[in-house]
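Survey of secondary and tertiary structure
Okay, here's what each chain looks like letter by letter:
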Amino acid sequence: MNKTRVTLTIVFTCVLLFGFSFWSWFKPMDVYSDSERRPLETFPKLNIETILSADFMNNFEGYTTDQFPLRDTFRGLKAFFVYNVFNQKDNNDIIQKDGHLSKLEYPLNMELLENASSKFNYLYETYLKDNNHNIYLSIIPDKNYFMVEDDYLKLDYELLVETMKSNTSYMEYIDIFDLLSLQDYYHTDTHWRQENIIDISNRLTQKMGFKYNETQYTHNILTDETELPYEFKGVYTGQYGLPTNNDMIYYLTSDIIDNCIVTSLSSGKPQKIDMYSFNKAYGKDSYEMFLNGTEALITIENPNATTNKELILFRDSFGSSLAPLLVQNYSKITLVDIRYMDSKLIGNFIEFDDQDVLFLYSTILLNNSSAFK
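Report on the accompanying structure.

Calculation criteria
Residues numbered from 1 in each chain as written. Predicted model: local features only at pLDDT ≥ 70, side-chain atom pairs only at ≥ 80, totals over all residues. Heavy atoms only, no water. Helix = DSSP H or I, 4+ residues; strand = E, 2+ residues; numbered from the N terminus. Buried < 20%, exposed > 50% of the residue type's maximum accessible area, 1.4 Å probe, protein only. Contact = heavy atoms within 4.5 Å. Areas by Shrake-Rupley, 256 points an atom, 1.4 Å probe, with all protein chains shown as cover. Phe/Tyr/Trp six-rings, centres within 6.5 Å; stacked < 30°, edge-to-face > 60°. Lys NZ or Arg CZ within 6 Å of the ring centre and 35° of its normal. Pairing = 2+ DSSP bridges. Axes fitted to C-alpha atoms, helices over the stretch in contact; angles between N-to-C directions. Polar contact = N/O pair within 3.5 Å; in protein donor to acceptor, adjacent residues only side chain to side chain. Core = buried A, V, L, I, M, F, W, Y, C linked by side-chain atoms within 4.5 Å. Parallel < 35°, antiparallel > 145°, perpendicular 65-115°, else oblique. Left-handed = near helix turned anticlockwise from the far one by under 90°. Nonpolar A, V, L, I, M, F, W, Y, C, P; charged D, E, K, R; others polar. Salt bridge = Lys/Arg side-chain N within 4 Å of Asp/Glu carboxyl O.

Another point: the overall build of the protein. Counting its secondary structure elements, the protein contains 13 helices and 17 strands. Residue burial in the protein is summarised as follows: out of 373 residues, 49% are buried. In the protein, the proportion of contacts linking residues at least 24 apart, taken out of those at least 6 apart, comes to 73%. Just so you have it, the protein exposes about 19300 Å², and 52% of that area is on carbon and sulfur atoms.

Take the packing of aromatic side chains next. The geometry of an aromatic ring pair comes down to the distance between the two centres and the angle between the two planes. Under the defined criterion, the tally for this structure stands at 20 aromatic pairs. Between Tyr-186 and Tyr-287, the aromatic rings sit 6.5 Å apart at their centres with planes inclined by 75°, giving edge-to-face as the arrangement. On the criterion of sequence distance, the pair formed by Tyr-186 in the loop between strand 7 (172–173) and helix 8 (198–207) and Tyr-287 in the loop between helix 11 (278–281) and strand 14 (297–301) is long-range, its members being 101 residues apart. Tyr-186 gets classed as buried once you look at its relative accessible area, which sits at 0%. Note on Tyr-287: relative accessible area 3%, which makes it buried. Three or more aromatic residues joined by ring pairs form one cluster here, namely Tyr-186, Phe-232, Tyr-251, Tyr-276, Phe-278, Tyr-287 and Phe-290. In this structure, Lys-154 packs its charged tip against the face of Tyr-145, placed 5.9 Å from the ring centre.

What follows covers the sheet that holds strand 17 (residues 356–362). Sheet architecture is open: eight strands sit in the order 7-6-17-15-16-14-12-13, paired in mixed fashion. The open sheet is flanked by strand 7 and strand 13 (271–273), the only strands paired with a single partner. The pairing of strand 15 (residues 310–315) with strand 16 (residues 332–336) spans five bridges and is parallel. Counterpart to Ile-312 in the pairing with strand 16 is Thr-334. Of the strands in this sheet, strand 6 (134–140) and strand 7 touch helix 7 (residues 157–167), which is tilted by about 165° from strand 6.

One can find Ser-117 in helix 5 (residues 110–128). At 3.2 Å, the side chain of Ser-117 and the side chain of Asn-167 are in polar contact. Excluding residues that lie within four positions of it along the chain, Ser-117 makes contacts with Met-164 and Asn-167.

Take the pairing of strand 5 (residues 100–103) next. Relative to strand 5, strand 4 (residues 94–97) runs antiparallel, the two being bridged by four bridges. Considered in strand 5, the bridge of Gln-96 is made with Leu-101.

Before going further, it helps to examine the side chain of Ser-254. The residue Ser-254 is located in the loop between strand 11 (250–253) and helix 10 (255–258) in this model. When its relative accessible area of 8% is taken as the criterion, Ser-254 is described as buried. Of note is the side chain of Ser-254, whose polar atom sits 3.2 Å from the backbone nitrogen of Ile-257. Setting aside residues up to four positions removed in sequence, Ser-254 forms contacts with Thr-215, Gln-216 and Tyr-217.

With that out of the way, let us pick up unusual backbone geometry. The amide bond that connects Tyr-106 to the next residue, Pro-107, takes the cis arrangement and shows omega of 0°. Its identity is not glycine, yet Leu-291 carries a phi of approximately 55°, on the positive side. As for its position among the elements, Leu-291 is in the loop between helix 11 and strand 14. Leu-291 gets classed as buried once you look at its relative accessible area, which sits at 0%. The residue Asn-292 is not glycine, and still its phi comes out positive at about 70°.

Our next topic: the nonpolar core. One broad trend across soluble globular proteins is that nonpolar side chains are buried collectively. Counting 52 residues, the largest nonpolar core has Trp-192, Ile-300 and Ile-333 as the members making the most contacts within it. Residues Leu-123, Tyr-124, Ile-312 and Phe-372 belong to the second largest nonpolar core, which totals 36 residues.

This brings us to the environment of Tyr-276. Note that Tyr-276 resides in the loop between strand 13 and helix 11. The exposure class of Tyr-276 is buried, given its relative accessible area of 6%. Between the C-alpha atom of Tyr-276 and that of Thr-253, which follows or precedes it by 23 residues, the distance is 9.6 Å. For Tyr-276, the contacting residues outside a window of four places in its chain are Gln-194, Tyr-251, Leu-252, Thr-253, Ile-257, Met-289, Phe-290 and Pro-324. Side-chain polar atoms of Tyr-276 contact the side chain of Gln-194, separated by 3.1 Å.

Another aspect to go through is the packing of helix 5 against helix 7. Remark: helix 5 packs on helix 7, axes separated minimally by 10 Å, with the N-to-C direction vectors making an angle of 30°. Viewed along their axes, helix 5 and helix 7 adopt a mutual orientation that is roughly parallel. Crossing angle aside, the handedness with which helix 5 passes helix 7 is right-handed. Residues Met-110, Leu-113, Glu-114, Ala-116, Ser-117, Phe-120 and Asn-121 of helix 5 pack against Leu-159, Leu-160, Thr-163, Met-164 and Asn-167 of helix 7. Across the contact of helix 5 with helix 7, the residue classes break down as seven nonpolar, four polar and one charged.

All right, on to the pattern of salt bridges then. Going through the model one piece at a time under the given rule, you end up with seven salt bridges. Salt-bridge contacts for Asp-178 lead to Arg-203; the nearest nitrogen and oxygen are separated by 2.6 Å. Here Asp-178, found in the loop between strand 7 and helix 8, pairs with Arg-203, found in helix 8; they are 25 residues apart in sequence, far enough to count as distant. Its relative accessible area of 52% is what places Asp-178 among the exposed residues.

Right under this line is the structure:
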């Protein structure tokens, strides 16, 4: 009887090990993980050079991990045990609170804050200093500001803000921390919800010298092809590994927004785009529906503006959903993303003269500013 059990155990183990080995070797390679929103490692280049340099083995380890059969299933099982059996509060730095997901951001990287300040200072010295500009800075707290409690280390947000203010003393700082709460962000994503930031746009425009914005917005819900509400699965959905509270995407319209002319200059040639791109809405990242996602340079022209005032908005992706709410007071808004556009080239596309200038950035990007060009 014992011999039978041992034999069955050995056979089962061999089938399991060799079965998964053969499966992993002969199944088609997956190039991209939709759940994690990243490309997967493919079979590394095999030659004498890569073997001797150890590049092959280093890359092969990542390949076997990424191409393992039923990978997402096993990731889900791991997450279940981490959260529900071992009672850990994070899995691969992903934390959960009240149905909201976020990735831990720590420590505060003073070197990269200095890098961000240096890039802003370059823009000021090169394009803004000798022109008649009103220059503002506003910082957007990431979700950890509202989620991380005393049992986790988190950024020193006060130090972050004070460092940026001190290093950019030529800007007027506009504080918006007190206007935000966890409910103003999507459950499974880093970004804020456009329908919840009207008060943010009002404070910014008031601090920049305009009256309270009385625009009446229409709340539209993104729907799928059957006209049902479309579920937004944010960047943390796949990283979490367990079922999540998905969101609906609402986008705001008004007569002014609907009549704006939006142009992308990212390719070097003017190309008309939509304020809300529905092609991007049904892609890998639905948040990219706001101003077409990752665009280096965009202009929004408001033919119904009551002033000839212009705004230059240096921004990250948070600015994509905020910019439409700022158009009422400006004849033109120019959005610049220096992650995708070299700061040295900006003068070739923008004539700097008497515009308002707003630097609007999230704490996440300021703490990871190595992407700035």
